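# Descriptive analysis of the structure
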Amino acid sequence: MNLQDITLFRQQNLVAGEWINADNGATIDVDNPSTLSVVGTVPNCGSGETERAIAAAETCFATFRKTTAAHRGALLEKWFDLIMEAQDDLATLMTLEQGKPFAEARGEIAYAASFVKWFAEEGKRVYGETIPSPVQDRRIIVQKQPVGVCAIITPWNFPAAMITRKIAPALAAGCPVVIKPSEFTPFTALALGVLAERAGFPSGAVNILTGDPAGVGGALTGSPAVRKLSFTGSTRVGKLLMEQCAGTMKRLSLELGGNAPFIVFDDADLNLAVEGVMASKFRNGGQTCVCANRIFVQAGVYDAFAEKLAAVVGNMKLGDGFVDGVEIGPMINEAAIAKIRSHLDDATAKGGTVIVGGTQEDTSTRFISPAVVTGVTSDMLVADEETFGPVAPLFKFETEGEALAAANATPYGLAAYFYTNDLTRTFRVSEELETGMIGINVGGFATEVAPFGGIKESGLGREGAHHGIDEYLEVKTLHIGGIA
Ligand SMILES: NC(=O)c1ccc[n+]([C@@H]2O[C@H](COP(=O)([O-])OP(=O)(O)OC[C@H]3O[C@@H](n4cnc5c(N)ncnc54)[C@H](O)[C@@H]3O)[C@@H](O)[C@H]2O)c1
Ligand SMILES: O=C[C@H](O)CS(=O)(=O)O
């Protein structure tokens, strides 16, 4: 493994300031989706180790909550510096275990670090209020306090950013965390844990467990000592965890699945719209929650747009993430390949045409060439399910009303995109689209400064911006009487 600092490669879990193995010594293999070789192993922990991590976080909370925001901000600043110094090593671990092109992995590390730097400052701006009392001898003060021990469960597709987008505000607010990263991409998370230790976070502030999702997750969601769950992943698992948290009334932040519409109106700049699809659809090989999942093109420009898009997609470089110039890496696992194949086969069986890509040179690998499909209709799987792969399905529409109805015909509401040069249409369409975030003549909006999140079955709450820290705070109102 080509790391400058090999100590960042950890095959153990971080619990109460100690690096541990599973109590029974069991391990999980982590493979390289490009070569199918084993990158390494991590402990297969369960409820026992999780309960110890929760206890360590609870012990830590008693003192960590009383540190100043400035102190916690200084720790976050130091962590930011260490993350950026280790950017290449962290990106190497990410490409090894997740497969994304190395340049994208480096970009994600910088994106992940931006949340750490942002919340180092936001923690110092957690302001309270004084409220004019309706009773003469009383004073009313509103305080904000850390919610307590937080459980953090994250997906494999952005293995660094999905962790820091949660734990940076949690730590800034004074909340210790117990993290369960995806079993597919644990090494990035564990390396971030090494750097958090080096930054000076106290024992028990950051705990990281790998293992049986249901076992670790069940201990986290069932523990009354855990006051909040922040989850990013599929809507299916999000609903399950929401149910499991009900018994202890935990605070919830849920960042779930998407089914983003991408609408190209006939007055759009088609070259810009093609650039937008490339940015939105094919980032991380299409394994992105906010990627364009359904592309609606107005009839007058449909053929021209399809031709332009196919020409660019057909020239994309597919391969191992460490090869210079590769734009599409391997899919994360065999199930991902199977889902992509099922969507392509279903579309062609129902009248669609794959005009470029969608093939595998070797079906024993996890590589599939990026595809454009025309003649796509609402009865196809791609209309209702997150493909989570490099497939661009093109739907044709006639009127704005038809496009809006189709775009909103989904239980998801995370992201949407549309391209137009008509100002009044910009406001009309923005106000009608049922999503949490909209790109207008832009195909990507990953930034720490703006709120990120969805509506409907895409989740609850917001991450990033000033909104993100409120998810880790409780509001307390003081009514002080007898003041003559
Ligand atoms: N909205 C967002 O910000 C956002 C960001 C990234 C990914 N996602 C979504 O995540 C999904 C892809 O990620 P994924 O495949 O890792 O999702 P997933 O739901 O399968 O897994 C997410 C995490 O949940 C854990 N998990 C699975 N079953 C569990 C259980 N029973 N109890 C506790 N934990 C459990 C997994 O181990 C993993 O750590 C897509 O739907 C994508 O849209 C959403
Ligand atoms: O996959 C989901 C991520 O949240 C996408 S982004 O990097 O935040 O845009």
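Structure first, text after, so check above.
This report concerns the structure included in the present document. Everything quoted here is computed from the prediction, not taken from an experiment.

In this fold, lysine 396 is placed in strand S16 (residues 391-397). C-alpha separation for the pair lysine 396 and leucine 270, spaced 126 residues apart in sequence, amounts to 15 Å. What lysine 396 contacts, discounting residues up to four positions off in sequence, is Val297, Ala299, Tyr302 and Glu402.

Strand order in the open sheet formed by 7 strands is S14-S15-S16-S13-S12-S18-S19, and the pairing between neighbours is mixed. Every other strand in the sheet has two partners, leaving strand S14 (353-356) and strand S19 (437-440) as the edge strands with one partner each. If you compare each strand with its neighbour and ignore which way they point, the axes differ by 25° on average. Looking at chain direction, strand S12 (residues 260-264) and strand S18 (residues 415-419) are connected through 3 bridges and run parallel. When the bridges of S18 are listed, phenylalanine 262 appears paired with tyrosine 417. The sheet strands contacting helix H9 (residues 270-281) are S12, strand S13 (292-298), S16 and S18, and the helix crosses S12 at an angle near 165°. Of the strands in this sheet, S18 and S19 are in contact with helix H14 (residues 423-432), which crosses S18 at around 160°.

Each α-helix turn comprises 3.6 residues. Residues three or four places apart therefore point the same way. Between its terminal C-alpha atoms helix H10 (residues 302-313) stretches 16 Å, which fits the 16 Å expected from 12 residues at 1.5 Å a residue. The elements touched by buried residues of H10 are S12, H9, S13, S14, strand S15 (371-376) and S16.

Now for the site of ligand 1. Around ligand 1, a shell composed of 29 residues is seen, among which Thr154, Lys180, Glu183, Ser234 and Glu386 lie nearest. Between ligand 1 and tryptophan 156 there is a distance of 2.8 Å, counted from an oxygen atom to a side-chain nitrogen or oxygen. Interatomic distance of 3.4 Å between a backbone N/O atom of proline 213 and a nitrogen atom of ligand 1. Summarising the interface, the protein chains cover 89% of the accessible area of ligand 1, which totals 840 Å² for the free molecule. Secondary-structure elements contributing two or more residues to the shell around ligand 1 are helix H5 (161-173), helix H7 (213-222), strand S10 (226-232) and helix H8 (235-246).

Thresholds applied
Residues numbered from 1 in each chain as written. Chains lettered and ligands numbered in written order. Predicted model: local features only at pLDDT ≥ 70, side-chain atom pairs only at ≥ 80, totals over all residues. Heavy atoms only, no water. Helix = DSSP H or I, 4+ residues; strand = E, 2+ residues; numbered from the N terminus. Contact = heavy atoms within 4.5 Å. Pairing = 2+ DSSP bridges. Axes fitted to C-alpha atoms, helices over the stretch in contact; angles between N-to-C directions. Expected span 1.5 Å × (residues − 1). Near = heavy atom within 4 Å. Polar contact = N/O pair within 3.5 Å; in protein donor to acceptor, adjacent residues only side chain to side chain. Areas by Shrake-Rupley, 256 points an atom, 1.4 Å probe, with all protein chains shown as cover.

Honestly, that's just the spatial picture; any functional story needs more than this.
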